[in-house]
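This is what each chain is made of:
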Amino acid sequence: ILEGQSALITGSTSGIGLGIARLYAEAGAKVMLNGFGKPEDIAAARAEIGRLMGVAEAPYSAADMSKPAEVRGMVAAAEAAFGKLDILVNNAGIQFVSPVQDFPAEKWDAIIAINMSSNFHAIAAALPGMLARNYGRIINVASAHGLVASPYKTAYVAAKHGVVGLTKSVALEIAQADVTCNAICPGFVRTPLAEAQVPPLAAKFGVSEEVALKDHLLAKQPSKRWIEVDEVARMALWLVGPGSGGVNGSALSIDGGWLAA
Ligand code: NAD
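What counts as what
- Residues numbered from 1 in each chain as written.
- Predicted model: local features only at pLDDT ≥ 70, side-chain atom pairs only at ≥ 80, totals over all residues.
- UniProt positions renumbered as here; feature names shortened; annotations may be inferred.
- Helix = DSSP H or I, 4+ residues; strand = E, 2+ residues; numbered from the N terminus.
- Rg over C-alpha atoms; globule rule 2.2 N^0.38 Å.
- Buried ≥ 20, exposed ≤ 12 C-beta atoms within 10 Å, placed from the backbone.
- Contact = placed C-beta atoms within 7 Å.
- Pairing = 2+ DSSP bridges.
- Axes fitted to C-alpha atoms, helices over the stretch in contact; angles between N-to-C directions.
- Left-handed = near helix turned anticlockwise from the far one by under 90°.
- Nonpolar A, V, L, I, M, F, W, Y, C, P; charged D, E, K, R; others polar.
- Expected span 1.5 Å × (residues − 1).
- Near = placed C-beta within 6 Å.
- Core = buried A, V, L, I, M, F, W, Y, C linked by C-beta atoms within 7 Å.
- Right-handed = clockwise from strand over helix to strand, strands pointing away.
- Parallel < 35°, antiparallel > 145°, perpendicular 65-115°, else oblique.

The name that an unreviewed UniProt entry assigns to the protein is 3-hydroxybutyrate dehydrogenase, with the source organism given as Sediminicoccus rosea. Word for word, the UniProt comment on the protein under Sequence similarities (unreviewed entry) is "Belongs to the short-chain dehydrogenases/reductases (SDR) family."

Following this line, the structure appears as structure tokens:
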């Protein structure tokens, strides 16, 4: 369904971004990857997505999402590589957990820059081409924490609420073109970012990792199970597929019932 289309997915060397890259490439899109990691892991991701695209390796940008000029340069590189950019998925993100009074200021700045401001810079750079061609699909991977809060995640919650607000405002600006901007709001997804939060909870409460997962990390996720990367990727695929053009400015939850409570 994405034959002839091109996509740029930030933070796609791991987790949700890599899962979305897989489904987009399988659906026929040309995909540019971005993100950090060990050289061998990046090479493996490029080879895997490249194979799905029918090339030796998928194009890749090493742009740092905390650096506005690099974010905008990455969009320009994708347009140059593909001749146009149809799909932008702003997915790169980091987490840091601490009481607000101890929250390191540099962590606050990094989370706001990577999780929120990079979305602004990438959208600003990609929109002129999308509007000129009257086609574009923008997805911002926000979070359940873009809609409700939890303690000790001030920077993340602030950034993700900001992403949802940015999504709505952009959607209104582009509403009359065949360009959409939506947010996906996952609950806890089985990725390195979320799994890393389990051992500290087990230590803090003196319980096994299994109990820490169900009773503490997933305390607000009524399904009591991880959302899988592939489930989020399928939502991201639907949002760029046929018949999705009427969905604009939405924050779509995929959270095992979290927001219903
Ligand atoms: P992950 O750690 O597996 O992947 C994060 C990706 O972002 C990696 O490719 C990493 O290299 C990249 N990245 C980090 N900092 C970067 C930077 N400065 N520049 C470029 N790339 C950078 O995490 P994930 O769980 O797949 O997270 C992806 C997105 O989903 C994030 O925005 C996260 O906030 C969001 N999310 C995750 C969950 C969850 O439970 N895992 C829930 C809701 C939302």
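Of the regular secondary structure elements, the protein holds nine helices and seven strands. Taken over C-alpha atoms, the radius of gyration comes to 18 Å for the protein, in line with the 18 Å a tight globule of 261 residues would show. The principal-axis extent of the C-alpha atoms belonging to the protein is close to 55 × 40 × 35 Å. Split into buried and exposed, the 261 residues of the protein put 44% on the buried side. A separation threshold of at least 6 residues defines the contact pool for the protein, and within that pool the share at least 24 residues apart is 71%.

The strand order across the open sheet formed by seven strands is β3-β2-β1-β4-β5-β6-β7, and the pairing between neighbours is parallel. Two strands lie at the open edges of the sheet, namely β3 (60-61) and β7 (251-254), each paired on one side alone. Note: strand β1 (residues 6-9) against strand β2 (residues 30-34), three bridges, orientation parallel. Bridging from a neighbouring strand, L8 pairs with M32 of β2. Each of β2 and β3 touches helix α2 (residues 39-53); the most contacted strand, β2, lies at about 175° to it. Here helix α5 (residues 154-173) sits on the sheet and contacts β5 (136-141), β6 (179-186) and β7; the angle it forms with β6, its principal contact strand, is near 160°.

Once that is clear, we can look at the packing of helix α3 (residues 68-82) against helix α4 (residues 105-133). α4 packs onto α3 with a crossing angle of 35° between their chain directions and a minimal axis gap of 9 Å. Helix-helix and strand crossings are classified by hand; for α3 and α4 the assignment is right-handed. Residues P68, V71, R72, V75, A76 and E79 of α3 lie in contact with α4, whose contacting residues are S117, S118, H121, A122, A125, A126 and G129. The class makeup of the residues in the contact of α3 with α4 is seven nonpolar, four polar and two charged.

The next subject is α2. Between its terminal C-alpha atoms α2 stretches 21 Å, which fits the 21 Å expected from 15 residues at 1.5 Å a residue. Where α2 terminates, the next one or two residues include G54, which has phi positive at roughly 80°.

With that out of the way, let us pick up the site of the ligand. Taken together, the neighbourhood of the ligand is formed by 29 residues, with G11, G15, G35, G93 and L193 sitting nearest. Those elements that place two or more of their residues in the shell around the ligand are α1 (15-26), α4 and α6 (192-195). In the shell around the ligand, the residues fall into 13 nonpolar, 15 polar and one charged.

Bringing the nonpolar core into the picture now. In this structure, Y24 and V31 are the most contacted members of the largest nonpolar core, which totals 73 residues. Tallying contributions element by element places α4 first for this core, with nine residues. Setting aside residues up to four positions removed in sequence, V31 forms contacts with A7, I9, A21, Y24, A25, I49, M53 and A58.

On to the pairing of β5. Most of β5 is tucked away: six of the six residues are buried. Side chains G136, I138 and N140 project from β5 onto one buried face, and the interleaved R137, I139 and V141 project onto a second face that is buried too. With four bridges joining them, strand β4 (residues 87-90) and β5 adopt parallel strand pairing. Among the inter-strand pairings, V89 is bridged to a residue of β5, identified as I139. For the handedness criterion, the β-α-β arrangement of β4, α4 and β5 is classed as right-handed. Where the polypeptide runs from β5 across α5 and back to β6, its parallel neighbour, the crossover connection is right-handed.

In a regular helix each residue adds 1.5 Å, so 20 residues correspond to 28 Å; α5 covers 29 Å between its end C-alpha atoms and thus fits that length. Of the positions making up α5, those classed as buried are A155, Y156, V157, A159, K160, V163, V164, L166, T167 and V170. Buried positions along α5 lie against α4, β5, β6 and β7.

Moving on to the environment of G241. Mapped onto the secondary structure, G241 falls in the loop between α9 (229-238) and β7. Once the C-alpha coordinates of G241 and I1 are considered, the two residues, 240 residues apart in sequence, prove to be 6.5 Å apart.

Moving on, we get to the packing of α1 against α2. Relative orientation of the contacting elements α1 and α2 amounts to 20°, with a least axis distance of 8 Å. One finds that α1 runs roughly parallel with respect to α2. The two elements α1 and α2 meet at a crossing, and its hand is right-handed. In this structure, α1 contributes L18, A21, R22, A25 and E26 to the contact, and α2 contributes A45, I49, L52 and M53. Its residues placed into classes, the contact of α1 with α2 shows seven nonpolar, no polar and two charged.

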